[in-house]
Each structure stands twice: as C-alpha cells, then as structure tokens.
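# Observations on the three-dimensional arrangement
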Amino acid sequence: MPHHHLPVMGPADIVVFGGTGDLAMRKLLPALYLRDRDGQLGTDTRVVAVSRSGLDVAGYRDKVDSELRRTAPRWAGPDACDDGAVVDRFLARLHHVTLDVADDDWSQLAELLGPADDRTRVLYLASAPQLFGRICVGSAEAGIIDERTRVVLEKPLGHDLASAQAINDEVGSVFAEEQIYRIDHYLGKETVQNLLVLRFANSLFEPLWNAGQIDHVQITVSESIGVGNRADYYDGSGALRDMVQNHLLQLLCLVAMEPPARIDGEGVRNEKLKVLQSLAPLDGADVVRDTVRGQYVEGLVDGTAVPSYATELAESRAGTPRERDHSDTETFVALRAEVANWRWAGVPFYLRTGKRLGTHASEIVVQFKPVPHSIFSGFDGEFPANRLVIRLQPDEGVRLHLTAKEPGPGGIRPIPAPLDLSFARTFGDRLPDAYERLLMDVLRGNPTLFMRRDEIEAAWTWAEPVLRSWERTGQRPRPYAAGSTGPAAATALIERDGRSWHEDY
Ligand code: BG6
C-alpha cells in the first residue's frame, strides 16, 4: 500500500554522539537510511557521527554500509539495499568526527557543522547517560547549539529518582524542556500508536473502558533473547529498571489515560502523567505480596540449549567462561499494579516481562467482565468473557474474543469466536521500525511520543520504592528455566486473584 502524504523533511544536521555504538549502528542509521530510501530526508540533510573511534569518513561510511546490509533487509525485505544509487546517496550524507567529549577540543565538530541557518539541528545522545550533561555543556561552549536545536536522549535516564533528576537538571541547564526529546521506543511502535486510534476513534470502547465493565488488564512483554553481551550493563539494571519503569508503564498509561483534549504533546502527556501519579504506591509488605522477581537458569529456547544468566554474566565479564558469577539482578518481573482513580478503582493491572522466555511476544489484554447472567441454561460449559487482545509484536494486530453460536442444528452451543484484525493481512505494507517514526517526529518537531520530564520522574517515584523494598527485604529473584513462562510464583500471583495469564499467542 502506498504511503500517504509522506512529508519530506526540511534540511537537517543530525549529530549522533555515540555514532559507532550499538544503538547508532543497529537502529538509528538503518532507520535513517530507510526514511531516506522512501524520500523523506531533505536533500541537504547530513548525519554527523561523533565517536572516539578515530575513523575517517571513508572508514565510517564502510562500517555503516555493511551494517545497513545486515539490518535493513531484516526490517524492510531482501531488496532493501538493492538500489546502489540510493545506498550511495545515504552514505554520502554521513560524516564522522573523532572527539572525546570529556577532554578534546570541539572545534573540528563546530567547523564541520558551521552555522545552522535554516537547518534543523538535532543532537542525538546515544552515548552513556553519564556523558549527557557533559555533551550538552560542551555543545553550548562550542557554540553549536541555539534555542532551535533539538536534543534527543536515550535511555536509561537514571537508575532511580535522584539520578534521573540529576540528568534532567544537567540537560535542562542547557536546553529548554521543549527542545528535549526523551525516547521510549515503545511509543514509536505502530500498534502502540494504534491503541490511541482504537480507543479514541471508535465509539464502541469508551463506554466500556472502566472499572464497571473491565475485570482486569494484562501487559506482557515476553522476550526469548537473553542478555548476551549486554550482561554487564544489564546487571546494574535488571528488568524493573530496563523494561517496567519505562516501556511497560508507558503502555499502561496509554491503556488507562483519559481522552486527551487533543492528540498533541501537551494533551497526551498531561493525561499520561495523571495515570502515573494515580498508580497506587507499592511499598513494604505490598511489594512482597504483589511482585515476583525471577532470573533464568539454563534451559531450552526453540530447541536450543542456552546458558543461565549467571553464566552469560560471567562470560561477558571475563571474556571466557569461568566460575559462575553470582548476581541478584532480576531478568523477569511480574507485578500487580493499581491505578487508583475514578475510572480504574479496583481493576488490577498485571504486568510481566522477562528475558529468555519460551515466546517472543508482547501484548496488552483487556479482560471484560462476564455476562451478569447466562440464559443458555441447557449449555453446561462456561463461556469465556470478552477479551480484547492488542498484539504489539510480532504479528501486530488486534483480536476481540467474542462468543458465538456453534453453527448447525442441535440446540444452541456458545463457542469462542475471535474477530481478528491482522495488520499485515489487512494493510499489507511493512510496519516501520519505531526509530523510523520517532526520528521523523524529532525532525518535524512533534514531541507527542516522547517523554516529558515530569513523566519520567513520576515513573521513578512509583518504581523506586519497589527496588528499595527488594533490597530491604532481601527478596531475591526466583530461578526459572530458560524457555519457560517464568517462575511459578508469577502464575500464582494472578491465580491468587482467580485469574490467569493469557497464553494463547
Ligand atoms: C530495550 C531494553 O529498551 O528494549 C532491552 O533495554 C530490550 O533489554 C528492548 O530487549 C526490547 O525492545 P523491543 O523493541 O525488541 O521489544
């Protein structure tokens, strides 16, 4: 299907700090390439990578070239890099400056960039967050920014409330809030945005979207990958910081928020903030009761034997396998949250996420209440209550589980019958990666899908007591076999309430 009204962006300079890093290579450059391939980048747009690598521009272009050939076909089909002229046009946009932002002289970068004039200047901070403040201050001192410059911040934005505030203060001492784009790439996912359209462009759901009609909500982000060579970073973080505090809470916000006055930056973010502020605090005894931590041990994923988290950690620290490292970091979390407001009082939101689980699948399940009374008296089975399943990945789509009559004579037998909307089958086209969408939003100056400072801090305000309580009570992660659905305690967490996880992927 053709892209409708695909706007061409004005000329821009996109300066990527951490330009040879994992994120830049695996996500940002392929995303920019694919937008360029679709004709969305302005003619004079440049991408200026900054790193300590010492690469010259030819070396950098080669590096990106081979990365594009690896990644772009996975995103956009086998012919993604077949048109040599298109690839060359993109590579010609790339520049590289070697710079140690902590020590060096920034004049080479400043000279290359020159005056911004009417070009949009974007600083993309894809480096370690400890450098964010330094990069902002250095950019100001080097005179490469002004009040029109936009700055994009990658996660992790802090490891608790105080560190998040410190980063926000440092960046905020140079840039105004309107200039700051904090990425949560889950907000760039097609189905996540579709949640907004589903809720607010259909009249069907809103009257049912409340504690009167909804029994509970489940949000699952299940990954089959392990932590691999990110173990060292991951070990200082864990699943609550890495996934729940940001991605899962953002999904929760989009499910739970009130209809915004407008779909714009302030409208949407004001409503999300109110949800975060309404989250019932989880602390002390609540944490022991309502959260489960897990850590994977060895097991089978898709028929392949995989090592435990502890082994991966030891390997990534030592370079070679050795005695297992001990770690209390969780690679799985399940928890029961509540949004304590008028719409949602008493409706549990069950959240779970983990690495090395048996399936790679993310979805939001909205479970409606059962019918108040069944008139099908001759029917001795129970029929399930309606369930709306929003599938984020893979196989994006929406499925509404209804009950229908089994066709044919012989009485009325209600049977489950899903209404199924598969985006791939219905709309045909590939869905762009989240970064493609979000990068274009930065260039067009649309902050709706980025996180405002107060949102990040409200999310930490809720998450931090959970972390503190785990430390205080010594609540250690429970082992779960790689390839499973997580620790048995996570099943018990929801079954205790007479409910069960939706496992029908
Ligand atoms: C990142 C986390 O933010 O999101 C990773 O740091 C995780 O640990 C990733 O694997 C998941 O993103 P996606 O888009 O693959 O679901």
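Structural notes, computed from the coordinates. What you see is a predicted model; the values in this text were computed from it and never measured.

This paragraph deals with the overall build of the chain. The number of helices and strands found in the chain is 16 helices and 17 strands. Relative to the 2.2 N^0.38 estimate, which gives 23 Å for 505 residues, the radius of gyration of the chain is 24 Å and therefore close to what a compact globule would have. On the principal axes, the C-alpha backbone points of the chain span a range of 80 × 55 × 45 Å. Here the chain holds 505 residues, and 53% of them are scored as buried. The contacts in the chain between residues at least 6 apart in sequence include a share of 78% that link residues at least 24 apart. Of the roughly 21,700 Å² of accessible surface on the chain, a fraction of 53% belongs to carbon and sulfur atoms.

Core analysis: the biggest nonpolar cluster contains 144 residues, and F17, L109, F349, I364 and L388 have the highest contact counts within it. Sorting elements by how many residues they give to this core places helix α9 (residues 239-256) first, with twelve residues. Excluding residues that lie within four positions of it along the chain, F349 makes contacts with V217, L252, V255, A256, L335, R336, A337, V339 and W344.

The next point concerns the pattern of salt bridges. With the rule as written, the count across this model stands at 50 salt bridges. Residues E363 and R391 are paired through a salt bridge, measuring 3.6 Å at the closest nitrogen-oxygen approach. Taken together, the residues span a long stretch of sequence, with E363 in strand β13 (residues 361-368) and R391 in strand β14 (residues 387-393) at a distance of 28 residues. Of the residues examined, E363 reaches a relative accessible area of 2% and is grouped as buried. In the salt-bridge network here, residues are joined through shared partners; they are D286, R289, D290, R336, E338, R496 and D497.

Moving on, we get to the sheet that holds strand β2 (residues 46-51). A sheet is described by the order of its strands in space; here six strands give the open sequence β3-β2-β1-β4-β5-β6, paired in parallel fashion. With one partner strand each, in any of the chains shown, β3 (94-98) and β6 (180-182) form the two edges of the open sheet. The average undirected angle you get between the axes of adjacent strands in this sheet is 20 degrees. Where strand β1 (residues 12-17) lies against strand β4 (residues 120-125), six bridges are found, and the strand directions are parallel. Among the inter-strand pairings, D13 is bridged to a residue of β4, identified as R121.

Backbone hydrogen bonds are what pair the strands of a sheet, in a parallel or an antiparallel way. Overall, mixed pairing links the nine strands, which are arranged β16-β15-β14-β13-β7-β12-β11-β8-β17 in an open sheet. At either margin of the open sheet sits one strand with a lone partner, and together these are β16 (414-422) and β17 (478-481). Geometrically, the sheet is characterised by an average inter-axis angle of 20 degrees between neighbouring strands, direction not taken into account. As defined by bridge partners, strand β8 (residues 291-297) adjoins β17 across four bridges and the pair is classed as parallel. In the strand pairing of β17, Q295 is matched with P479. Here α9 sits on the sheet in contact with β7 (214-222), β11 (332-338), β12 (348-354), β13 and β14, set at roughly 140 degrees to β12. In this fold helix α16 (residues 488-495) packs onto β7, β8, β11, β12 and β17, with an angle of close to 15 degrees to the strand it touches most, β11.

Further remarks concern the packing of aromatic side chains. Enumeration according to the criterion identifies eleven aromatic pairs in this entry. An aromatic cluster is built from Y234, Y296, Y309, F332 and Y480, whose rings are joined through pairwise contacts. Directly above the aromatic system of Y186 lies the positively charged group of K189, at a separation of 4.5 Å from the ring centroid.

Their axes nearest at 9 Å, the elements helix α10 (residues 265-278) and helix α15 (residues 453-473) cross at an angle of 15 degrees. The orientation of α10 relative to α15 falls into the category roughly parallel. As α10 runs across α15, the sense of the crossing is left-handed. Facing R269, K272, L273 and L276 of α10, the residues of α15 in contact are D454, E455, A458 and A459. Within the contact of α10 with α15, the residues separate by chemical class into four nonpolar, no polar and four charged.

So, about the pairing of β4. With six of six residues buried, β4 is to be regarded as a mostly interior element. Neither face of β4 is left uncovered, since the one carrying T120, V122 and Y124 and the one carrying R121, L123 and L125 both have all their residues buried. Two strands pair when backbone bridges link them, and β4 and strand β5 (residues 150-153) are joined in this way by four bridges, in the parallel orientation. By the bridge assignment, L125 is partnered in β5 with L153. As for the winding sense of the linkage, the β-α-β connection from β4 through helix α5 (residues 132-141) to β5 is right-handed.

The next thing to look at is the site of the ligand. Contacts to the ligand come from K155, H185, Y186, K189, E223, I225, R230, D242, M243, H247, K355 and Q393. In the model, an oxygen atom of the ligand is placed 2.9 Å from a nitrogen or oxygen of the K155 side chain. Summarising the interface, the protein chains cover 81% of the accessible area of the ligand, which totals 400 Å² for the free molecule. Broken down by element, the residue count for the shell around the ligand peaks at three residues, all from α9. Considering only residue class, the shell around the ligand consists of three nonpolar, three polar and six charged.

Bringing helix α12 (residues 309-318) into the picture now. Of all the residues in α12, the buried ones are Y309, A310, T311, E312, L313 and A314. Close packing links the buried residues of α12 with α8 (231-235) and β8.

Our focus in this paragraph is a negative patch on the surface. A grouping of D103, D104, D105 and E111 is seen on the molecular surface, where their side chains present a negatively charged patch. By the secondary structure assignment, D105 is in the loop between β3 and α4 (107-113).

This part covers α9. Taking 1.5 Å per residue as the helical rise, α9 with its 18 residues ought to reach 26 Å, whereas the 22 Å between its terminal C-alpha atoms falls clearly short. Roughly 30 degrees is the biggest bend found in α9, and it falls at L249. When you tally the buried positions in α9, you get 18 out of 18 residues, the bulk of the element.

For the rest of this paragraph, the subject is unusual backbone geometry. Residue P156 is bonded to the preceding K155 through a cis peptide linkage, with omega at 0 degrees. Relative to the helices and strands, P156 resides in the loop between β5 and α6 (161-172). Residue P394 is bonded to the preceding Q393 through a cis peptide linkage, with omega at -20 degrees. Assignment of secondary structure puts P394 in the loop between β14 and β15 (397-405). Phi is positive for R356, close to 55 degrees, though the residue is something other than glycine.

Criteria and thresholds
- Residues numbered from 1 in each chain as written.
- Predicted model: local features only at pLDDT ≥ 70, side-chain atom pairs only at ≥ 80, totals over all residues.
- Heavy atoms only, no water.
- Helix = DSSP H or I, 4+ residues; strand = E, 2+ residues; numbered from the N terminus.
- Rg over C-alpha atoms; globule rule 2.2 N^0.38 Å.
- Buried < 20%, exposed > 50% of the residue type's maximum accessible area, 1.4 Å probe, protein only.
- Contact = heavy atoms within 4.5 Å.
- Areas by Shrake-Rupley, 256 points an atom, 1.4 Å probe, with all protein chains shown as cover.
- Core = buried A, V, L, I, M, F, W, Y, C linked by side-chain atoms within 4.5 Å.
- Salt bridge = Lys/Arg side-chain N within 4 Å of Asp/Glu carboxyl O.
- Pairing = 2+ DSSP bridges.
- Axes fitted to C-alpha atoms, helices over the stretch in contact; angles between N-to-C directions.
- Phe/Tyr/Trp six-rings, centres within 6.5 Å; stacked < 30°, edge-to-face > 60°.
- Lys NZ or Arg CZ within 6 Å of the ring centre and 35° of its normal.
- Parallel < 35°, antiparallel > 145°, perpendicular 65-115°, else oblique.
- Left-handed = near helix turned anticlockwise from the far one by under 90°.
- Nonpolar A, V, L, I, M, F, W, Y, C, P; charged D, E, K, R; others polar.
- Right-handed = clockwise from strand over helix to strand, strands pointing away.
- Near = heavy atom within 4 Å.
- Polar contact = N/O pair within 3.5 Å; in protein donor to acceptor, adjacent residues only side chain to side chain.
- Patch = residues over 30% accessible without salt bridge, like charges linked within 9 Å, V, L, I, M, F, W, Y side chains within 5 Å.
- Lys, Arg positive; Asp, Glu negative; His and termini not counted.
- Charge placed at Lys NZ, Arg CZ, Asp CG, Glu CD.
- Expected span 1.5 Å × (residues − 1).
- Bend = angle between axes of the 7 residues up to and from the residue.

Purely spatial values, then, with no claim about function.
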